[in-house]
Amino acid sequence: MGSAARQRSRERLKEQREKDKRKAARMRTLAVVGAAAGVVILIVGIGYAILNSDRSGSEFDGALAPQVVQEDGSVVMAQSGVQAPVVEVYADYQCPACRQFELLNGDVLKETAAAGEAIVHFRPVSIFAQQPVPISSNSLRAGAAARAAADHGVFVEFNDLLFENQPTEGEAGFTTDELKEWFRETGASEGAATAFDERIDSEAAVVTRFTEDYLPALTEDAVEQIGQENLATMVLSDLLAWGAENGHDPSFLDGTYTGEIIDATGTAYTRYSGDNAFRATPSVYINGELLDNSTTMTVRGLNGAIEDASAGEVQTEPLADGGGAE
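Note on numbering: residues in each chain are counted from 1, in written sequence order. Per-residue local features of the predicted model are confined to residues with pLDDT of at least 70, and side-chain atom pairs are confined, for both listing and counting, to 80 or more; whole-chain, interface and lining totals are unaffected and use all residues. To get the side-chain values, take all heavy atoms of the structure and skip hydrogens and water.

Remarks on the nonpolar core
We define the nonpolar core as a collection of buried residues of types Ala, Val, Leu, Ile, Met, Phe, Trp, Tyr and Cys that are connected through side-chain atoms lying within 4.5 Å of one another. With a 1.4 Å probe rolled over the protein chains alone, any residue whose accessible area is under 20% of its type maximum counts as buried; one over 50% counts as exposed, and the rest are partly exposed. Ranked by internal contacts, the top residues of the largest apolar core, which has 51 residues, are Phe158 and Leu162. In terms of residue count, the dominant contributor to this core is helix α3 (residues 135-150) (eight residues). Of all hydrophobic cores here, the second largest spans 19 residues; its members include Val207, Ala222, Leu236 and Leu239. Starting at the N terminus, helices and strands are each numbered in turn, a helix being any DSSP run of H or I of at least four residues and a strand any DSSP run of E of at least two.

Here we look at the confidence of the model for the protein
Residue-level confidence of the predictor is summarised by pLDDT, bounded by 0 at the bottom and 100 at the top. On average, residues of the protein score 87 in pLDDT, and 80% of them are at 70 or above. Here a residue-residue contact requires only that any non-hydrogen atoms of the pair lie within 4.5 Å. Under a pLDDT of 50 for its full length, residues 1-6 has, in the predicted model, one contact with residues more than four places off or in other chains. For residues 23-53, every residue scores under 50 in pLDDT, and the model assigns this stretch two contacts once sequence neighbours within four places are set aside.

Let's talk about the packing of aromatic side chains
The description of an aromatic ring pair rests on the distance of the ring centres and on the angle between the ring planes. Any pair of Phe, Tyr and Trp rings, taking the six-membered ring for Trp, is counted once the centres come within 6.5 Å. Such a pair is stacked with planes under 30 degrees apart, edge-to-face with planes over 60 apart, and tilted for the rest. Taken as a whole and judged by the stated rule, the model has twelve aromatic pairs. Aromatic side chains Phe158 and Phe183 sit 6.3 Å apart centroid to centroid with 65° between the ring planes, which places their arrangement in the edge-to-face category. In this pair, Phe158 sits in helix α4 (residues 155-164) while Phe183 sits in helix α5 (residues 176-184), placing the two residues 25 residues apart along the sequence. The exposure class assigned to Phe183 is buried, which follows from its relative accessible area of 0%. Look at Tyr214 and Phe252: their rings are 5.2 Å apart centre to centre, the planes differ by 65°, and that puts the pair in the edge-to-face class.

Describing the packing of helix α2 (residues 96-114) against helix α11 (residues 299-308)
Helix-helix packing is described using two parameters, namely the angle between the two axes and the distance between the axes. Only the stretch in contact is used when fitting a helix axis, every axis being a line fitted to C-alpha atoms; angles between N-to-C directions are given from 0 to 180 degrees. Where α2 meets α11, the axes come as close as 10 Å, and the angle between the chain directions of the two elements is 30°. Overall, the two elements α2 and α11 adopt an arrangement that is roughly parallel. Like other packed secondary-structure pairs, α2 and α11 cross with a definite hand, here right-handed. Within the contact between the two elements, α2 uses Phe101, Leu104, Asn105, Val108, Leu109 and Thr112 and α11 uses Val299, Leu302, Asn303 and Ile306. Taken together, the residues of the contact of α2 with α11 sort by class into seven nonpolar, three polar and no charged. Our angle categories are set so that under 35 degrees counts as roughly parallel, over 145 as roughly antiparallel, 65 to 115 as roughly perpendicular, and the remainder as oblique. Crossing chirality is assigned from the near helix's rotation relative to the far helix, an anticlockwise turn below a right angle marking it left-handed and a clockwise turn marking it right-handed. Amino acid classes used here: Ala, Val, Leu, Ile, Met, Phe, Trp, Tyr, Cys and Pro are nonpolar; Asp, Glu, Lys and Arg are charged; the rest, including Gly, are polar.

Brief notes about the side chain of Thr186
Within the secondary structure layout, Thr186 lies in the loop between α5 and α6 (190-226). Here a polar contact means two N or O atoms within 3.5 Å. Within protein one must be a hydrogen donor candidate and the other an acceptor candidate, and residues neighboring in sequence count only if both atoms are side-chain atoms. Only 2.5 Å separates the side chain of Thr186 from the backbone oxygen of Phe183, close enough to count as a polar contact. Within polar-contact distance, the side chain of Thr186 engages the backbone nitrogen of Ala188 at 3.4 Å. Every residue in contact with Thr186, bar those within four places of it in the chain, is listed here: Val154, Glu157, Phe158 and Leu161.

Here it is in structure tokens:
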């Protein structure tokens, strides 16, 4: 065998050894991934078993307590004149943990309110409003739709449907057609559905303008003028106030439910302080005291916290006309 042939033979042998090494590495990786997947499945399975063992055992199918829209757009569900602990629930419809809370403890809220054992104060917010589209637009469009549903007395029913159909984070969802379809599933009248449809079309246009045009331009300008570090310390409502003084007119949000939920989110960050400060969703308070995660995210925990609490007082006033922004 000549030197050239020997060189080619050595190269082929080297290539084959490299292939064998890569194949062995792939097999080791697959083995590790397979083992990890088994562990994940086991953990998820245990978590699912724990979650289901903590459920109250049956879905609430009784009549809901009355739902009353408040001046700030929030909704109180309670029996008339009842003296009971006030359970405030801050949630974002695009938040996966909020969906988990709703699926786990939504019936606890309904049942305790119907029994006169709790005053449930729903406070929808949009903590994702400054995130890229579609996370921001999903969150705001759903929040505005929930507020529109409240005008027709079916907030709680629509709230359930929004969480039931929550889009995967990062994927477009809560389309106008879907929102209109789900509203009809609440049992509202056709007249209410027509009014809801009109409102949804209007709010969706506002959300698109806000998330795709107004906010990007405002944010870019703010970064240039006050810097990213200062911008990071501002809640969205403060940023809008800055924008109003610096050539970014937010008046197109006036009288809209999109603007209302942005305001509600900004207020949430300033309503409480210290250990009770609002930081994320879901946040659940009883008589102004923030519950820890283990209490919030278990049936026994939430039921026990309600049972142990004294009567509280709702800090908002009912909307005089019963609903409907300008």
